[in-house]
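Read off the chains here:
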There are 4 protein chains.
Amino acid sequence: MSGSIFGKQFQISTWGESHGKGIGVTVDGCPAGLAISEEIVQQYLNRRKPGSNPYATPRKESDTIHILSGVFEGKTTGTSICMLVNNETQRSSDYSEIASYYRPGHADYTFDAKYGFRDYRGGGRSSGRETLGRVAAGAIAMELLKQLNITVTAYSKSIGPIAINYDNASFDHILQSPLYMPDLEASSKAEAYLKEQMHNFDSTGGVIECIVSGMPAGIGEPVFEKLDANLAKAIMSIGAVKGFEIGDGFDVATKKGSENNDAFAYDENGTITKQTNHSGGILGGLSDGSDIILRAAIKPTPSIFQTQHTVNKSGENIDINIKGRHDPIIVPRAVVVVESMVALTLVDMLFANMSSRMDKLKTFYER
Amino acid sequence: MSGSIFGKQFQISTWGESHGKGIGVTVDGCPAGLAISEEIVQQYLNRRKPGSNPYATPRKESDTIHILSGVFEGKTTGTSICMLVNNETQRSSDYSEIASYYRPGHADYTFDAKYGFRDYRGGGRSSGRETLGRVAAGAIAMELLKQLNITVTAYSKSIGPIAINYDNASFDHILQSPLYMPDLEASSKAEAYLKEQMHNFDSTGGVIECIVSGMPAGIGEPVFEKLDANLAKAIMSIGAVKGFEIGDGFDVATKKGSENNDAFAYDENGTITKQTNHSGGILGGLSDGSDIILRAAIKPTPSIFQTQHTVNKSGENIDINIKGRHDPIIVPRAVVVVESMVALTLVDMLFANMSSRMDKLKTFYER
Amino acid sequence: MSGSIFGKQFQISTWGESHGKGIGVTVDGCPAGLAISEEIVQQYLNRRKPGSNPYATPRKESDTIHILSGVFEGKTTGTSICMLVNNETQRSSDYSEIASYYRPGHADYTFDAKYGFRDYRGGGRSSGRETLGRVAAGAIAMELLKQLNITVTAYSKSIGPIAINYDNASFDHILQSPLYMPDLEASSKAEAYLKEQMHNFDSTGGVIECIVSGMPAGIGEPVFEKLDANLAKAIMSIGAVKGFEIGDGFDVATKKGSENNDAFAYDENGTITKQTNHSGGILGGLSDGSDIILRAAIKPTPSIFQTQHTVNKSGENIDINIKGRHDPIIVPRAVVVVESMVALTLVDMLFANMSSRMDKLKTFYER
Amino acid sequence: MSGSIFGKQFQISTWGESHGKGIGVTVDGCPAGLAISEEIVQQYLNRRKPGSNPYATPRKESDTIHILSGVFEGKTTGTSICMLVNNETQRSSDYSEIASYYRPGHADYTFDAKYGFRDYRGGGRSSGRETLGRVAAGAIAMELLKQLNITVTAYSKSIGPIAINYDNASFDHILQSPLYMPDLEASSKAEAYLKEQMHNFDSTGGVIECIVSGMPAGIGEPVFEKLDANLAKAIMSIGAVKGFEIGDGFDVATKKGSENNDAFAYDENGTITKQTNHSGGILGGLSDGSDIILRAAIKPTPSIFQTQHTVNKSGENIDINIKGRHDPIIVPRAVVVVESMVALTLVDMLFANMSSRMDKLKTFYER
């Protein structure tokens, strides 16, 4: 069945393999009149580009985006927007060996189990390179949200055992850190930790946190299309994510109701606010007007340069040593992917909400 | 927009408010020929019935299921199956007060923000009573999975600070524990802890864990309809869930690749197996043939019998004391809901997988 | 796969068999604040009730609607609305015979081919009684459209060879005709024709026409979700419909471009209008502001009281005489079903259109 | 809202404007293991290529297809297949004039009404060139159906007043006729008729008929996802189609039940067959094992070289003469588009049917 389409009204359709001719996405359902250009989208893509920091794979790809449709005279036309990145590295010679066995922690085995065979070159469709399409589409969603004064900011909350200290953290620091950590001291420590892992031919995981500000209250659709349920799906659909939290997340399990409830209060402008935000901006599956806070747990890169036990397709248990060079960590390059998936989800749910009230519907269609 | 429909091929559509005329669900897309009766479905519903243990609300409801369509001579016909539970308690007098203010931790405010007003009686559509429809539909999914030798078992892993010890745990104990804990010693401790919370007019949270056995490898659809992504949405759509994990979950963030990768090996039957299961049965978004392991973090019941600060609709900051009696914990009654949502997701993805290979498609339609 | 759900944002889910416990529908995605009551919905249902005229089956059913959820204090709440009609006639004894053979023109054979067996009582799920759910849901859509000053009016355009004369026709006459013909003279002739068919133990077909007024221009989504494409699906999903036309329909095939193009002109208010309406109110799949005109061809009732050749399940060619009494024509009772399916489609596409422009999106979410 | 995605499990997503950078489609949900190449797809595309006959626009486009993903070593991999045709003619100078006014019979006005502005070059997204994506995707669906021994054949049934005579018709003649008519005598007459229209600066319409052979019985999903309902949507989504029929279509309206019912009979192999096929291969929305027969009414090309009345965007009623050269008829080039849309629909519904029976589901997943 189709699985490369995301969203219900603001829908994206992605395609492309690691070592095929290219990677791309079609965004369908974008409103007409949004200013979009290749330059704008490129800025988002550059944040996940390989070779952008010492901890990322040195694969040489310019990842240049081409917009092929749906934009006319600098604005979206309302019709489907196709965006394409050509793969510059298509050599598949390096990958002939991995055709015959299953790398631990990768999708090699499960793809074969499902499809009978696979494009084994560089992970094929299950490569992290697939996220290019998500980020290009996410760029459009991010630009759309800006117009509604909604911001989405993701960053590395922890790398292995090194976590940020919120007292030292600032959104302004995120882009200054090669690891996209908002606490530059933690970032330095994490760099040291990463170098150690690289030296040991090992890799590490981490946690990405994302904050959404400016979201109006009431967005999300009871009972299955809750905002947090859709965010969870969006985030868990990113390769290597093994956990998802909203607000206090797993900490709520040991909390008491008296600790976990957020009291409401009117602020000086007569706006309803919450005095704490344990809920992470969502109550009953709908946004509550506070910042939405979510986290994703990212597993360590499965490609490591140690001998590993596995099986081959000839029925043998074997030992392997994976060649090539790979990122010792997925987290930093996934930060913009998390932002993208959150933005795509928010746009879709903002659209879904537009038909929730008769009075607003009448105003919309009043003539 | 519609939000009460779940699934893509095996679709359920639920409806009903806490104090309306009834609660129900329509299951659409169930294969013909599955043995289903009201007795079978009732057994699942009884596990979430109010008043079933001392820690559950004593509201008197028989929760008797009526199958109105789609079953003929004891078997499903392939057409939509409507199931209905009449609400026996429809008095709304107790709830007149909560019409005017917003209870902390509940969806009162967000529903008003979205819809302009709400059915305030007992939480209306955001009541936990909504899950009746999920469990009735889940019963059908569970019966279907049994036919494929797939089992889904959920239980309380922890209640507040009391967690099970796996050395003492057994699936056989789950139904013996009023809290659905597989470790009866932990269950006793948790009961004591709960009584303490009740005495303090407080509530507590917990963690539900769910194990799926017998799932074939290769189920899930790259890249957005991953099995874990859909499980995450299913689980996060349950009210009060604030976190979701697959396999090692948030623990992977501090792990190294050499620790987290699961080595493959052929077993004595020549079947590919994994020597560990950090992945929780899912690789690249597809089932890998191992047990699927997932967890949900459940927040403490927001209705507590302490004075709380909030706002009313007249623009005032007020103090409230919620009347009535409520569960001090959501976890035990949510166990069967988690099982149901997992089963619904698995069935939908098993159907989705059927068109993944030309050879199997040809065999299916061979004449 | 599920097939009993219609719509994308305003979604309905129907269920029920001819001789099961009941028939019903859940409407999901209706905006909050629409005035709805059982009385309002009942008026629509009464137009398709059996026994309402001499040419309709005399089966005794009150078809009383019960609203079970989603309406509070006389208004929709925004959550799913379940509506139920109990079947009063559930005797299945009359139908034991038809379990063993396949009636020509009915779905008996195709249901068995698909599902392996069927609920054979009165056609089961393929009975015309299934349309009750469509009409109950359609009632809500019709009431919603009224709030937007959009009207949907269907009528019998022809019964067998007897067609209306537009010069004699008026919407005011429709409900005065037992056949829902807007030309009362044609209606009388059609009544005589029908009596002749009944005398001959035969049945006849006809054409239903539907006019939508007040639809704003620009509704519909290029390129697959065109308004006319969705209307076609909606109408063709009604049992017994074998053809669909928009505007001049099949007549365009022999027309020249110079005849078929509709010239645009500004009217006295500066509004863009068309000087003719060959397009039937739709250009490029989007509404063009003119009346939408569509037609459905309805086949003659397949149940006739003549000997017919068919097969039984034991492998024999046999002759059958179907018992009971049946309508000699489907058309009049299908008129309100056509109206319903058109209304459901229009509402869904009006919702879909709300996110088509950035400027309107910004206005909607402006704070 | 998104409207460029078609299908539910076998989903296609198209994009591209007449004079943008290119046109394309992504096919998502194609089973792994189907032999596909650019050569195969190109053959289908060549049938709708401009300049292929004297009655088609002489626009010079090679319409060369590029497959960018989803095919590895000559076979589909199960992941999304992106196909791209670069536009060679992108000059927009010819079209500056039509930016300011609305051509009768075109979507210019309705696009502006919906989106506020439009890509006016050559019709933009509403250009017939959009169908390239449909045909490329349809090629894959056609190849898949071949593997299941299902054939789809469309042809011109009539051009203006000239209709084929079935006694003279043969599928073998279709590709010999520049108008894709299976009756070469009618084809010659139609050519003469078309030349006359061109001489008169006019255009004409016609009817396309399509026959599906080899479809198993029972395909389609009651009650809204009927096979004929989905075919209707598929066909009506093609620009310029104004009517749709299954089997006897609008003729049923004047038929009697005794004439219209198809008697069942066992053939010599013990297979259930129908002795006539008024139903057009579909009963109760499910395929009945006979040939599926459908028709589409195509309007005359709206672009004609006569003075026409219309409005401009400055509020004036004006007379226009459209420049350039255009097809005097749409029908022949739409034949392969009809085939494509039928094939796409059949594949989707064949997939949907796979989960209709428990016994088949168990066999599928038996281990």
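Every chain is numbered independently, its residues counted from 1 as its sequence is written. Chains carry letters from A onward and ligands carry numbers from 1 onward, assigned in written order. Local features are withheld for residues below a pLDDT of 70 in this predicted model, meaning they are given only at 70 or higher, and side-chain atom pairs are given and counted only at 80 or more; totals for whole chains, interfaces and linings count all residues. Hydrogens and water molecules were not included; the side-chain quantities draw on all heavy atoms of the structure.

J.: What is the right way to look at the overall build of chain A in this model?
T.: Labels follow the DSSP assignment, with helices taken as runs of H or I lasting at least four residues and strands as runs of E lasting at least two, numbered in each case from the N terminus. Counting its regular elements, chain A contains eight helices and 18 strands. For 367 residues, the compact-globule estimate of 2.2 N^0.38 gives 21 Å, and the C-alpha radius of gyration of chain A, at 22 Å, lies within 12% of that figure. Each principal axis of the C-alpha distribution contributes one length, and for chain A these read about 65 × 50 × 40 Å. Here's how the labels work: a residue is buried when its accessible area is under 20% of the maximum for its type, exposed when over 50%, partly exposed in between, all with a 1.4 Å probe on protein chains only. In chain A, which comprises 367 residues, the share counted as buried stands at 69%. Two residues form a contact once any of their heavy atoms are found within 4.5 Å. Sequence separation of at least 24 residues holds for 67% of the intrachain contacts in chain A that already meet a minimum separation of 6. Residue-level accessible areas treat just the shown protein chains as cover; the underlying method is Shrake-Rupley with a 1.4 Å probe. When the accessible surface of chain A is summed, it comes to about 11200 Å², and 48% of that surface belongs to carbon and sulfur atoms. We compute the radius of gyration over the C-alpha atoms and compare it with the globule rule, which gives 2.2 Å times the number of residues raised to the power 0.38.

J.: Please explain the interface of chain A and chain D as it appears in this structure.
T.: Quite often, the size of an interface is put as the accessible area lost when its parts meet. If you look at the interface, chain A gives 43 residues, while chain D gives 43 residues. We define buried area as the total accessible area lost by two parts upon association, computed with a 1.4 Å probe and summed across both. Area buried by chain A at its contact with chain D is led by Trp15(A), Phe72(A) and Phe117(A), which between them contribute 18% of it. Glu38(D) is the partner of Lys21(A) in a salt bridge, and the nearest nitrogen-oxygen pair spans 3.5 Å. Two N or O atoms form a polar contact when they lie within 3.5 Å of each other; inside protein one atom must be a possible hydrogen donor and the other a possible acceptor, and for residues adjacent in sequence the pair counts only when both atoms belong to side chains. Across the contact surface, chain A and chain D share 16 residue pairs in polar contact (both at pLDDT 80 or more). Residue assignment for the side of chain A that touches chain D shows that the elements contributing at least two residues are β2 (11-16), β3 (22-28), β6 (75-76), β7 (81-86) and α2 (108-115) of chain A. The element contributing the most residues to the side of chain A that touches chain D is β2(A), with five residues. One side-chain nitrogen of Lys or Arg within 4 Å of one carboxyl oxygen of Asp or Glu is enough to make a salt bridge.

J.: When you look at the interface of chain C and chain D in this model, what are you seeing that I'm missing?
T.: Listed per partner, the contact involves 112 residues of chain C and 112 residues of chain D. When chain C packs against chain D, the two sides together hide about 8600 Å² of surface, and 61% of this comes from carbon and sulfur. At the surface where chain C touches chain D, the tally comes to four salt bridges. A salt bridge links Glu225(C) to Lys233(D); the shortest N-O distance between them is 2.8 Å. Where chain C meets chain D, there are 55 residue pairs in polar contact (both at pLDDT 80 or more). Ranked by residue count, the leading element in the side of chain C that touches chain D is helix α2 (residues 108-115) of chain C, at seven residues. We call Asp, Glu, Lys and Arg charged. Ala, Val, Leu, Ile, Met, Phe, Trp, Tyr, Cys and Pro are nonpolar, and the rest, Gly among them, are polar. Looking at the side of chain C that touches chain D residue by residue, the classes come out as 46 nonpolar, 42 polar and 24 charged. Paired strands, as defined in this entry, are two strands with at least two bridges between them according to DSSP. As defined by bridge partners, strand β11 (residues 241-246) of chain C adjoins strand β11 (residues 241-246) of chain D across three bridges and the pair is classed as antiparallel. From the neighbouring strand, Phe244(C) faces β11(D), where its bridge partner is Phe244(D).

J.: Sorry, what's going on with the relation of the copies chain C and chain D here?
T.: Here the copies were fitted onto each other by least squares, based on C-alpha atoms from residues at pLDDT of at least 70 in both. Take chain C, turn it by 180 degrees, move it 0.0 Å along the axis, and it overlays chain D with an RMSD of 0.0 Å. Such a turn and shift between the copies fits a two-fold axis. The fraction of interface residues of chain C whose copies in chain D are also interface residues reaches 100%, indicating that both copies meet through the same surface.

J.: Can you walk me through the packing of aromatic side chains in this structure?
T.: We describe a pair of aromatic rings using the distance from one ring centre to the other and the angle between the two ring planes. For Phe, Tyr and Trp, rings pair up if their centres lie within 6.5 Å, where Trp contributes its six-membered ring, and each pair is then called stacked (planes under 30 degrees apart), edge-to-face (over 60) or tilted (otherwise). Counting across every chain of the model gives 38 aromatic pairs over all chains. Ring geometry for Tyr155(C) versus Phe171(C): centroids 6.1 Å apart, planes at 45 degrees, classification tilted. Pair noted here: Tyr155(C) is in strand β8 (residues 151-159) and Phe171(C) is in the loop between β9 (162-163) and α4 (184-199), with a separation of 16 residues, a long-range link. Given the relative accessible area of 44%, Phe171(C) is considered partly exposed. Put simply, the rings of Tyr102(A), Tyr109(A) and Phe264(B) touch in pairs and so form one group of aromatic residues.

J.: Can you walk me through the pairing of strand β17 (residues 308-311) of chain C in this structure?
T.: The side chains of a regular strand alternate between the sheet's two faces. Residues and elements named next belong to chain C. Inspection of the sheet shows β17 paired to strand β18 (residues 317-320) by four bridges, in the antiparallel sense. Counterpart to His-309 in the pairing with β18 is Asp-319. Turn length for the β17-β18 hairpin, with the two strands adjacent in sequence and antiparallel, is five residues, and the turn residue Gly-315 shows positive phi of about 90 degrees.

J.: What exactly am I supposed to notice about the sheet that holds β2(A) here?
T.: Two strands in a sheet stick together by hydrogen bonds in their backbones, pointing the same way (parallel) or opposite ways (antiparallel). All names here are of chain A. What the five strands build is an open sheet, ordered β1-β2-β3-β7-β4; its pairing is antiparallel. The open sheet terminates on both sides in strands that have one partner only, identified here as β1 (5-6) and β4 (65-67). With six bridges joining them, β3 and β7 adopt antiparallel strand pairing. Counted as the bridge partner of Val-27 is Ile-81 from β7.

J.: I keep staring at the pattern of salt bridges and nothing clicks. Help me out?
T.: Pairing is possible between side chains that carry opposite charge, provided their charged atoms lie close to one another. This model, assessed by the stated rule, comprises 84 salt bridges over all chains. Ionic pairing is found between Asp288(B) and Lys274(B), a salt bridge with its closest N-O pair at 2.6 Å. One end of the pair, Asp288(B), is in the loop between β15 (286-287) and β16 (292-298); the other, Lys274(B), is in strand β13 (residues 272-274), and 14 residues separate them in sequence. The buried category is assigned to Asp288(B), whose relative accessible area is 3%. With a relative accessible area of 12%, Lys274(B) lands in the buried category. Three or more residues are tied together by salt bridges with common partners; here these are Arg103(A), Asp108(A), Asp112(A), Arg118(A) and Lys313(A).

J.: When you look at the confidence of the model for chain A in this model, what are you seeing that I'm missing?
T.: Close inspection of predicted coordinates is inappropriate in any region flagged by low pLDDT. A score between 0 and 100, pLDDT records how confident the predictor is in each residue. On average, residues of chain A score 95 in pLDDT, and 97% of them are at 70 or above. Predicted complex, confidence summary: ipTM 0.98, pTM 0.98.

J.: Honestly, the sheet that holds strand β10 (residues 206-213) of chain D in this entry has me stumped. Any pointers?
T.: If you walk across this open sheet you meet the ten strands as β9(C)-β8(C)-β10(C)-β16(C)-β11(C)-β11(D)-β16(D)-β10(D)-β8(D)-β9(D), and the pairing is antiparallel. At either end of the open sheet lies a strand with only one pairing partner, and these are β9 of chain C together with β9 (162-163) of chain D. Here β8(C) pairs with β9(C) via two bridges, running antiparallel. Among the inter-strand pairings, Ser158(C) is bridged to a residue of β9(C), identified as Ala163(C).

J.: What's the story with the packing of helix α5 (residues 227-236) of chain B against helix α7 (residues 331-352) of chain B in this structure? I'm lost.
T.: Any two packed helices are characterised by the angle at which their axes cross and by the distance between the axes. Residues and elements named next belong to chain B. Interhelical geometry of α5 versus α7 gives an angle of 145 degrees and a closest axis separation of 9 Å. Here α5 and α7 pass one another in a crossing that is right-handed. For the pair α5 and α7, the contacting residues are Leu-227, Asn-230, Leu-231, Ala-234 and Ile-235 in the first and Val-338, Met-341, Val-342, Thr-345, Leu-346 and Met-349 in the second. A per-class count over the contact of α5 with α7 returns nine nonpolar, two polar and no charged. An axis is simply a line fitted to the C-alpha atoms; with a helix, the fit covers only the stretch in contact. Between two such axes, the angle follows the N-to-C directions and lies from 0 to 180 degrees. Throughout, a crossing is termed right-handed when the near helix is turned clockwise from the far one, and left-handed when it is turned anticlockwise from it by less than a right angle.

J.: Help me understand the environment of Gly205(A), please; the structure alone is not making it clear to me.
T.: With respect to the secondary-structure elements, Gly205(A) resides in the loop between α4 (184-199) and β10 (206-213). Once the C-alpha coordinates of Gly205(A) and Arg121(A) are considered, the two residues, 84 residues apart in sequence, prove to be 24 Å apart. Residues within four places of Gly205(A) in sequence aside, it is in contact with Ile159(A), Gly160(A), Ile298(A), Lys299(A), Pro300(A), Ile329(A), Val331(A), Val252(B), Ala253(B) and Lys255(B).

J.: I'm lost on helix α2 (residues 108-115) of chain B in this one. Help?
T.: Residues separated by three or four positions in an α-helix point in the same direction, a consequence of the helix having 3.6 residues per turn. α2(B) sits mainly inside the fold: seven of its eight residues count as buried. Of the positions making up α2(B), those classed as buried are Asp108(B), Tyr109(B), Thr110(B), Phe111(B), Asp112(B), Lys114(B) and Tyr115(B). Lining the buried residues of α2(B) we find β12 (264-266), β13 (272-274), β14 (282-283) and β15 (286-287) of chain A. A positive phi of about 90 degrees marks Gly116(B), the residue just after α2(B).

J.: Where do I start with unusual backbone geometry in this structure?
T.: Both trends apply: most residues other than glycine have a negative phi, and most peptide bonds are in trans. Val223(B) follows Pro222(B) through a cis peptide bond whose omega is 5 degrees. Turning to its location among the elements, Val223(B) is positioned in the loop between β10 (206-213) and α5. In this structure, Ala240(A) takes a positive phi of about 85 degrees despite not being glycine. Overall, Ala240(A) belongs to the buried group, its relative accessible area being 17%. For Asp63(B), which is not glycine, the phi dihedral falls at a positive 50 degrees. Structurally, Asp63(B) can be placed in the loop between α1 (38-46) and β4 (65-67).

J.: Before we go on, may I ask you to explain the environment of Lys233(B) in this structure?
T.: By the secondary structure assignment, Lys233(B) is in helix α5. A relative accessible area of 10% means that Lys233(B) is categorised as buried. Each C-alpha atom, one on Lys233(B) and one on Thr345(B), is 9.3 Å from the other, the two residues being 112 residues apart in sequence. Not counting chain neighbours up to four residues away, the residues in contact with Lys233(B) comprise Phe224(A), Glu225(A), Ala229(A), Asn230(A) and Lys233(A). Here the side chain of Lys233(B) touches Glu225(A) through a polar contact of 2.9 Å, side chain to side chain. Within the structure, Lys233(B) has its side chain in polar contact with the side chain of Asn230(A) (distance 3.2 Å).

J.: What am I meant to see in the state of the cysteines here?
T.: Here, the word disulfide means a covalent bond between the sulfur atoms of two cysteines. Note on disulfides: each one is a pair of cysteine sulfur atoms within 2.5 Å. Inspection of the entire model under this criterion finds zero disulfides over all chains. With no disulfide of its own, Cys82(A) has Cys82(D) as its nearest cysteine by sulfur position, at a separation of 5.6 Å. Residue classification places Cys82(A) among the buried positions, given a relative accessible area of 2%.

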